[in-house]
Amino acid sequence: MESTLGWIDLSAAALQRLRQDLEDKPEGVVDEMGVLAIHSGYADQFFPGTSVLQKRPRYAFFTCWNYLCIDDGLNEPSARIRKEKAEDWLRQQLKAANQTPIIGDRVERPAQPVDFIYWTALRKWGFYRGPDRNKLLAKWNSIHVRRVRAHESVDEDARDDPSATFFVPEPPHYWLKPRPRQQVSFDLTKKEAEFLQKRLESLPGCLLSSAASRAGKLLAKAESLWDDQLILEAASDRRESEMIARARRASSLGYLVRAIYGALVERRRNETAGQAHLSHITNRSYYRELLQGLFGGEEGVFGDIRELDLDLLMKDLPKLPARFLCLIRHVKERADRVKRRADVDLLLDNETLELFSKEEERRKQERARLPDNQFGAERRDDFDENTLNVFPINYRWSVVRTLLRDLHNGLRF
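1. A short note on the overall build of the protein
Each helix and strand counted, the protein has 18 helices and three strands in total. Buried positions account for 51% of the 413 residues belonging to the protein. The long-range fraction of contacts in the protein, counting pairs at least 24 apart against all pairs at least 6 apart in sequence, stands at 71%. Summed over its atoms, the accessible surface of the protein is roughly 21,000 Å², and 46% of this surface lies on carbon and sulfur atoms.

Next up, the structure:
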């Protein structure tokens, strides 16, 4: 069969859907049940401009500098190609300096380039004002690209201004030079750290803004945001301590939904697959045992869920879909009845199986595993204990913690 290769130019709406599809895939999550709505809801509220694809905050500066310098010495016919050359130059410089982690370290052309990953951050954090990324590159020669200095003002109401404005410190003199003598690192200079801090502080009131104000004195280091002293102080200052507690309980609810899904797929596979197929499965009850382990475990999952007020959750996240709210009400009602490990099977009854199956089929169509049909059976063929990663929602905390750590280190220079 002859194969062909083509290019697809995605619209802004398609790019937004792609971002949503990719949101948790770096962490191994595919969102069968809609849990991403909780993750994105709280994460966008707490940490606007962030994404799970982001690595180090200095990439925001790198992206601006690439755009400001791509006409300097990069002899390629289009702005898009010159931009890609600039990103390749950056990747090679970071590799030479043994920096980690580098976007696209293992591939020549990463699926999501640096500017794609940081574009929302540039807008949200006040690094950029102007046309969207695709329009900027497509109409590069007719758009005035400029850098605004710290003492200049940027008129946010000038919607018809044909310029692309980057509000960022001046690019280093060696930027995009063929053989720079200086190494490029992820370490923020003190000037850059102070600039980034002011940009984050200028965000409409949010946890990230408040945490950035304290980042010079406190180092973000806890494994979860609700255990981190910097975040707890920022939340207290904003009177959002109770919201942080609800986010933790909602994280446990998402954890449970994910574990139930795995155990239900496992149940359906065990009931429908032939013995020859099942003989290759090392542990046919892996996800059921994982689910049982959540009861009384160190995470306090069931205790969190009992304390979660779904009405207050809806006030925190008013855009949660009605169907998803129906599903989590069902899960919470079942979880509240679990008094001992053996009761966990209340979460795997036929009613729950039917509810989860219909929701997955609605969301994933022929890619759904739970439906008792040919497509579901085919998708369950390779389902085993290595298929799903089951863990709590972290609201992009690993990304934000790195951002706040780099900011802390830069401010202390």
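2. Some thoughts on the packing of helix 2 (residues 36-46) against helix 10 (residues 241-272)
For any two helices packed against each other, one specifies the inter-axial angle together with the distance between the axes. Packing of helix 2 against helix 10 brings their axes to within 11 Å, and their N-to-C directions diverge by 155°. By the angle class used here, helix 2 and helix 10 are roughly antiparallel. Both helix 2 and helix 10 take part in a crossing whose hand is left-handed. For the pair formed by helix 2 and helix 10, the contact residues are Ile38, Tyr42, Gln45 and Phe46 on the first element and Met243, Ile244, Arg246, Ala247 and Ala250 on the second. Partitioned by chemical class, the residues of the contact of helix 2 with helix 10 number seven nonpolar, one polar and one charged.

3. A word on the sheet that holds strand 3 (residues 163-167)
Spatial strand order, 1-3-2: three strands in an open sheet with mixed pairing. Each edge of the sheet is formed by a strand with only one pairing partner; in this case those strands are strand 1 (128-129) and strand 2 (144-148). Bridge count between strand 2 and strand 3: five bridges; the pairing is parallel. When the bridges of strand 3 are listed, valine 148 appears paired with phenylalanine 167.

4. Things to note about the packing of aromatic side chains
Scanning all chains against the criterion turns up 26 aromatic pairs. Ring geometry for tyrosine 42 against phenylalanine 46: centres 5.4 Å apart, planes inclined by 15°, an arrangement best described as stacked. With tyrosine 42 and phenylalanine 46 both in helix 2 and four residues apart, the pair spans about one turn of that helix. Considered together, tyrosine 42 and phenylalanine 46 belong to a single accessibility category, that of buried residues. Taken together, a centroid distance of 5.2 Å and an interplanar angle of 85° make the contact between phenylalanine 61 and phenylalanine 127 edge-to-face. On the criterion of sequence distance, the pair formed by phenylalanine 61 in helix 3 (residues 58-69) and phenylalanine 127 in the loop between helix 5 (114-124) and strand 1 is long-range, its members being 66 residues apart. Since its relative accessible area comes to 0%, phenylalanine 61 is described here as buried. Residue classification places phenylalanine 127 among the buried residues on the basis of a relative accessible area of 0%. Following the ring pairs from residue to residue traces out a cluster consisting of Tyr59, Phe61, Phe62, Trp65, Trp89, Tyr118, Phe127, Phe167, Tyr174, Trp175, Phe186 and Phe195.

5. Topic: the environment of glycine 303
Along the polypeptide, glycine 303 turns up in helix 13 (residues 301-307). Separated by 33 residues in the primary sequence, glycine 303 and aspartate 336 place their C-alpha atoms 8.8 Å from one another.

6. Side note on the side chain of aspartate 31
Along the polypeptide, aspartate 31 turns up in the loop between helix 1 (12-22) and helix 2. Here the side chain of aspartate 31 touches glycine 34 through a polar contact of 3.3 Å, landing on its backbone nitrogen. Those residues in contact with aspartate 31, other than ones at most four positions away along the chain, are Leu36, Arg363 and Lys364.

7. A few points about the side chain of aspartate 304
Checked against the element boundaries, aspartate 304 lands in helix 13. According to the relative accessible area criterion, aspartate 304 is buried, its value standing at 8%. Setting aside residues no more than four positions away along its own chain, aspartate 304 makes contact with Arg248, Arg249, Ser252 and Glu299.

8. Looking at the packing of helix 10 against helix 15 (residues 322-335)
The N-to-C vectors of helix 10 and helix 15 enclose an angle of 90°; their axes lie 11 Å apart at closest approach. By the angle between their axes, helix 10 is roughly perpendicular relative to helix 15. Counting all contacts with helix 10, which are made through Leu253, Leu256, Val257 and Ile260, the residues of helix 15 involved are Leu327, Ile328, Val331 and Ala335. Here the residues of the contact of helix 10 with helix 15 sort into eight nonpolar, no polar and no charged.

9. Here we look at the pairing of strand 3
Sheet faces and side chains relate simply in a regular strand, where the side chains alternate between the two faces. In terms of residue burial, strand 3 counts as a mostly covered element, since five of its five residues are buried. By the bridge criterion, two bridges tie strand 1 to strand 3 in an arrangement that is antiparallel. Bridge assignment links tyrosine 128 to a residue of strand 3, and that residue is phenylalanine 166.

10. With respect to the pattern of salt bridges
According to the stated counting rule, one finds 32 salt bridges in the structure shown. With a shortest N-O distance of 2.3 Å, arginine 258 and glutamate 32 are connected by a salt bridge. Here the residue arginine 258 occupies a position in helix 10, and glutamate 32 occupies one in the loop between helix 1 and helix 2, the gap between them amounting to 226 residues. The class of arginine 258 is buried, set by a relative accessible area of 9%. With its nearest N and O atoms 2.8 Å apart, the salt bridge here joins arginine 396 to aspartate 44. Remark: aspartate 44 occurs in helix 2 and arginine 396 occurs in the loop between helix 17 (374-380) and helix 18 (397-411); sequence separation between them is 352 residues. Judged by its relative accessible area of 4%, arginine 396 is buried. A relative accessible area of 42% means that aspartate 44 is categorised as partly exposed.

11. Comments concerning the environment of arginine 82
Note that arginine 82 resides in helix 4 (residues 79-96). Residue arginine 82 is classed as buried on the basis of its relative accessible area of 8%. Along the sequence, arginine 82 and cysteine 69 sit 13 residues apart, while their C-alpha atoms lie 9.5 Å from each other.

Each value, and the rule that gives it
- Residues numbered from 1 in each chain as written.
- Predicted model: local features only at pLDDT ≥ 70, side-chain atom pairs only at ≥ 80, totals over all residues.
- Heavy atoms only, no water.
- Helix = DSSP H or I, 4+ residues; strand = E, 2+ residues; numbered from the N terminus.
- Buried < 20%, exposed > 50% of the residue type's maximum accessible area, 1.4 Å probe, protein only.
- Contact = heavy atoms within 4.5 Å.
- Areas by Shrake-Rupley, 256 points an atom, 1.4 Å probe, with all protein chains shown as cover.
- Axes fitted to C-alpha atoms, helices over the stretch in contact; angles between N-to-C directions.
- Parallel < 35°, antiparallel > 145°, perpendicular 65-115°, else oblique.
- Left-handed = near helix turned anticlockwise from the far one by under 90°.
- Nonpolar A, V, L, I, M, F, W, Y, C, P; charged D, E, K, R; others polar.
- Pairing = 2+ DSSP bridges.
- Phe/Tyr/Trp six-rings, centres within 6.5 Å; stacked < 30°, edge-to-face > 60°.
- Polar contact = N/O pair within 3.5 Å; in protein donor to acceptor, adjacent residues only side chain to side chain.
- Salt bridge = Lys/Arg side-chain N within 4 Å of Asp/Glu carboxyl O.

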